[in-house]
Amino acid sequence: MNKTAAALIVAAGRGTRLSDPGNRQPKQYKLIAGRPVLSHTLDAFLNHPRISKIMTVIHPDDTALYGAAVTAAECTVKDKELLTAFGGDTRQQSVLAGLKALEDAGCECVLIHDAARPFVSETVINGLLLQLDAGAEGVLAAVPVVDTLKHCEEPGQPLRTIDRSGLWAAQTPQAFPFKLILDAHLSAAEARRSDFTDDTGLAEWAGVSVKLSEGDPGNFKITTWQDLSRAETQVKQAPMNQQNRTRPPLSELLDVRTGIGYDVHAFEAGDAVILGGVAIPHGRKLKGHSDADVVLHAITDATLGAIGDGDIGSHFPPSDPKWKGASSDMFQFDAVERVTKLGGRLAHIDVTIICEEPKIGPHRDAIRQNVAQICDIPASRVSVKATTSERLGFTGRKEGIATLASVTIRLPLSENE
Ligand code: CTP
Ligand code: MG
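Residues numbered from 1 in each chain as written. Chains lettered and ligands numbered in written order. Predicted model: local features only at pLDDT ≥ 70, side-chain atom pairs only at ≥ 80, totals over all residues. Heavy atoms only, no water.

Some words on the overall build of the protein chain
Move 1: Counting its regular elements, the protein chain contains 12 helices and 18 strands.
Move 2: The C-alpha atoms of the protein chain give a radius of gyration of 23 Å, which matches the 22 Å a tight globule of 417 residues would have.
Move 3: The dimensions of the protein chain, computed from C-alpha atoms along their principal axes, are 80 × 55 × 45 Å.
Move 4: Buried positions account for 48% of the 417 residues belonging to the protein chain.
Move 5: By sequence separation, contacts in the protein chain at least 24 residues apart represent 75% of the contacts at least 6 residues apart.
Move 6: For the protein chain, the accessible area works out to roughly 19,700 Å², and carbon and sulfur atoms hold 52% of it.
Move 7: Computing the positive centroid from 44 side-chain charges and the negative centroid from 52, the protein chain places the two 1 Å apart. (Helix = DSSP H or I, 4+ residues; strand = E, 2+ residues; numbered from the N terminus. Rg over C-alpha atoms; globule rule 2.2 N^0.38 Å. Buried < 20%, exposed > 50% of the residue type's maximum accessible area, 1.4 Å probe, protein only. Contact = heavy atoms within 4.5 Å. Areas by Shrake-Rupley, 256 points an atom, 1.4 Å probe, with all protein chains shown as cover. Lys, Arg positive; Asp, Glu negative; His and termini not counted. Charge placed at Lys NZ, Arg CZ, Asp CG, Glu CD.)

Written out as structure tokens, the structure is:
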């Protein structure tokens with residue numbers, strides 16, 4: 001089941017390791033590709049459909065710089081709430097200030113992120129949300145350590161090689177159920193512990209079990225001048241990255257393809273079914289390894305069918321415990337990403353839900369809107385229909401729900417076709 005999520009971006013540091021007497025702006029306001037670092041970071045969360053509120057923790061001296069970063073953000077999404085709070089002398093204090101200021105916002109989860117990591121991708125955010133939705137207490141984006149590691153007290157002293165297997169380098173975002181991480185931070189403050197440099201370290205101290213999610217080497221933190229020039233190169237070399245992706249107009253995508261999908265889930269004891277990401281109160285729920293969203297599963301299979309890229313089971317095997325309880329929008333995000341990587345776009349989705357109950361009519365619009373948001377297309381390009389099977393067969397006997405989906409995608413026409 002999807003949990004509501006806020007982003008907490010800490011941007012109150014002074015960037016002393018990247019200081020320049022001629023330009024006193026802290027690193028999160030220095031420019032990459034002509035825009036402040038923070039505006040790139042904001043875009044990553046503004047463009048993510050699951051993030052509804054973004055709390056940026058800033059230094060009291062930086063209000064004008066923050067305003068300029070928001071103006072420079074390229075996102076056109078309008079329904080996000082942007083909030084600010086003032087930070088403290090340490091990162092830990094800044095996070096706590098942001099959490100306190102978010103307390104009344106009512107989000108179930110929070111993704112805590114450094115403003116100085118402008119390249120956080122939708123895939124990394126999705127990986128964290130997937131584990132939170134499945135009930136994790138804390139999730140850390142991290143990358144495997146690739147360099148050989150040595151331990152040495154100081155140069156000139158004998159060194160010792162450290163086995164790097166099982167070692168990971170921590171990144172942000174670090175994601176938690178909101179109340180749990182707020183309580184952990186309050187306990188640390190009460191115990192006068194002020195030395196935590198990241199939130200999963202603090203959470204571990206508070207007894208929280210933290211899980212790992214694959215990060216991305218491109219999601220590096222800008223700390224030094226070398227990092228800033230690497231960031232500039234990364235933006236220039238990757239015009240197709242998340243922040244800068246410009247989608248080709250449909251009129252240029254001449255290769256039109258259609259895929260079909262079909263899925264069935266049986267009822268079991270419960271109180272709601274999830275269809276197209278919408279929870280519909282009902283006397284029973286659908287049984288399945290993930291959240292059993294029969295509508296999204298059919299759509300994902302149809303999307304994969306249209307690009308000839310296997311099926312939902314081949315990408316997300318039910319035997320893998322990782323997908324237990326998973327929110328099925330993750331599967332569709334992945335399928336849409338596969339279409340995007342081919343230079344294509346989804347053009348239309350048509351769904352037929354087959355069941356005697358629950359009644360779909362009252363929820364049709366909500367399902368339509370939600371599917372459109374997940375697939376990043378206008379609701380006018382999504383159709384949701386429902387039918388009974390005249391009391392015949394398993395759907396007629398009210399044993400479960402079946403769904404048919406057809407997805408039309410458009411791809412660039414290859415030169416030699
Ligand atoms: N941060 C913060 N409040 C602080 C210190 C840090 O919000 N008192 C934020 C920074 O703005 C940054 C993130 O925490 O986005 C990670 O910290 P770091 O990379 O150490 O940034 P700075 O502290 O600004 O840099 P430096 O240590 O070089 O001074
Ligand atoms: Mg610092």
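Side note on the site of ligand 1
Move 1: Near ligand 1 you find 19 residues, and of these Gly15, Thr16, Lys27, Ser94 and Lys221 are the closest.
Move 2: At 3.2 Å, a backbone N or O of Ala115 approaches an oxygen atom of ligand 1.
Move 3: In the environment of ligand 1, an oxygen atom lies 2.5 Å from a nitrogen or oxygen atom belonging to the side chain of Lys221.
Move 4: For ligand 1, whose accessible area on its own is 560 Å², the fraction buried by protein is 88%.
Move 5: Sorting the residues of the shell around ligand 1 by element identifies strand 1 (5-11) and helix 3 (91-102) as the ones contributing at least two each.
Move 6: When its residues are assigned to classes, the shell around ligand 1 shows five nonpolar, seven polar and seven charged. (Near = heavy atom within 4 Å. Polar contact = N/O pair within 3.5 Å; in protein donor to acceptor, adjacent residues only side chain to side chain. Nonpolar A, V, L, I, M, F, W, Y, C, P; charged D, E, K, R; others polar.)

Some thoughts on the domain arrangement of the protein chain
Move 1: In terms of domain boundaries, the protein chain breaks down into domain 1 (5-246) and domain 2 (253-411).
Move 2: In this structure, domain 1 and domain 2 have C-alpha centres spaced 33 Å apart.
Move 3: In this complex, domain 1 contributes 11 residues to the contact, which on the side of domain 2 involves 11 residues.
Move 4: Around 940 Å² of area is buried between domain 1 and domain 2 when both sides are counted, 61% of it from carbon and sulfur atoms.
Move 5: Here domain 1 and domain 2 share one salt bridge between them.
Move 6: The residue Asp329 makes a salt bridge to Arg50 at a minimum N-O spacing of 3.7 Å.
Move 7: Partitioned by chemical class, the residues of the side of domain 1 that touches domain 2 number four nonpolar, two polar and five charged. (Domains from an automatic or database assignment. Buried area = accessible area lost by both parts, 1.4 Å probe. Salt bridge = Lys/Arg side-chain N within 4 Å of Asp/Glu carboxyl O.)

Points about the environment of Leu275
Move 1: Counting through the fold element by element, Leu275 comes out in strand 13 (residues 272-275).
Move 2: Along the chain, Leu275 and Thr403 lie 128 residues apart, while their C-alpha atoms are 9.8 Å from each other.
Move 3: Ignoring anything within four residues of it in the chain, the contact list for Leu275 reads Ile280, Leu286, Asp293, Val294, Val295, Ile360, Ile367 and Ile401.

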